Amino acid sequence: MSAPTRPSLRDLRSLTQARIALGAHGAGLPTAAALAFGLDHARAREAVWTPLDTEAIREALTAQGLESVEVRSNVTDRAEYLRRPDRGRMMNPECEAALDGAGCDLAIVIADGLSATAVALNAVPMATALAERANRAGWRLAPVVVATQARVALGDPVGARLKARAVAVLIGERPGLSASDSLGCYITFAPEPGLPDSRRNCISNIRQDGLSIEAAAEQMEALLRAMFVQNVSGVGLRRDEAVLPAPGAA
């Protein structure tokens with residue numbers, strides 16, 4: 001009986017978007033691989049530098065029956081955003097009046113982050129799926145907050161201002177050269193300014209060729225249910241197999 005044939009790197013190329021088995025022409029890449037690299041690099045730059053179309057996002061949210069408000073961070077422009085992450089974590093004081101602190105169970109924040117592409121493609125469907133699950137659970141929802149020039153931690157002052165039990169920040173992730181459209185979700189229980197990242201739980205790679213919207217929504221709901229029972233998020237959240245899906249579960 002002959003031994004099974006081991007797959008080659010070329011056989012594995014169909015299973016990943018990573019750059020493997022590109023080939024070589026002398027010391028250089030084949031023309032097709034070099035052109036593909038240039039295209040993906042341009043897509044990554046476009047994702048970072050393109051302004052988020054907040055009007056389109058808010059119109060799409062309205063079409064889904066979701067109210068929204070718009071805020072911005074304490075950053076003046078995109079160049080400063082990239083140089084000063086600290087200012088992207090702080091809300092501009094002029095925006096505080098737009099947030100009603102009546103209290104809610106969940107605040108959803110759509111933030112541009114480092115990929116307007118990811119937000120344009122995935123944020124409204126993700127917010128809609130999460131809002132539907134929240135409504136079925138009987139959780140009170142605040143209007144969706146659309147934030148520009150925003151870092152993850154901007155969700156802390158937003159959530160505190162809204163007096164939210166938890167905040168879910170849907171944000172464009174840093175683009176790589178194999179994916180420029182990846183959305184992340186960072187969930188924090190009892191948000192308040194100055195919290196460390198260890199107080200957050202993250203679900204990443206939400207996109208067409210990654211984690212699906214429905215699978216991500218299921219994981220977010222499970223995390224929120226566990227947070228509301230344990231009154232904690234981040235590294236202190238205990239994993240209960242009856243409540244939380246296994247890491248990487250679809």
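Above this text you will find the structure in question.
Reading the values: rules and limits
Residues numbered from 1 in each chain as written. Predicted model: local features only at pLDDT ≥ 70, side-chain atom pairs only at ≥ 80, totals over all residues. Heavy atoms only, no water. Core = buried A, V, L, I, M, F, W, Y, C linked by side-chain atoms within 4.5 Å. Buried < 20%, exposed > 50% of the residue type's maximum accessible area, 1.4 Å probe, protein only. Helix = DSSP H or I, 4+ residues; strand = E, 2+ residues; numbered from the N terminus. Contact = heavy atoms within 4.5 Å. Phe/Tyr/Trp six-rings, centres within 6.5 Å; stacked < 30°, edge-to-face > 60°.

**Q** I'm lost on the nonpolar core in this one. Help?
**A** Generally speaking, a soluble globular protein has its nonpolar side chains buried in company with each other. By size, the foremost hydrophobic cluster in this structure holds 40 residues, and its most contacted members are Leu 61, Ile 110, Met 126, Leu 170, Ile 206, Met 220 and Leu 224. Elements that contribute at least two residues to this core include exactly α3 (54–63), β2 (104–111), α6 (116–137), β3 (144–148), β4 (164–172), β5 (183–189), β6 (200–206) and α8 (213–230). Of all the elements, α6 adds the most residues to this core, at 10 residues. The residues touching Leu 224, leaving out its near neighbours within four places in the chain, are Leu 106, Leu 130, Trp 139, Ala 166 and Ile 187.

**Q** Where do I start with unusual backbone geometry in this structure?
**A** When glycine is set aside, most residues are seen to have a negative phi, and most peptide bonds are trans. Although it is not a glycine, Gln 149 adopts a positive phi angle of roughly 50 degrees. Topologically, Gln 149 is positioned in the loop between β3 and α7 (155–161). Looking at Gln 149, the relative accessible area reads 16%, which means it is buried. Even without glycine at this site, Lys 163 takes up a positive phi of about 55 degrees. The topology assignment puts Lys 163 in the loop between α7 and β4.

**Q** Honestly, the packing of aromatic side chains in this entry has me stumped. Any pointers?
**A** Enumeration over the complete set of coordinates arrives at two aromatic pairs. Geometrically, the ring pair formed by Trp 139 and Phe 228 is edge-to-face, given 5.1 Å between the ring centres and 90 degrees between the ring planes. One end of the pair, Trp 139, is in the loop between α6 and β3; the other, Phe 228, is in helix α8, with 89 residues separating them in the sequence. Here Trp 139 and Phe 228 have matching classes, each one buried. Put simply, the rings of Trp 139, Phe 189 and Phe 228 touch in pairs and so form one group of aromatic residues.

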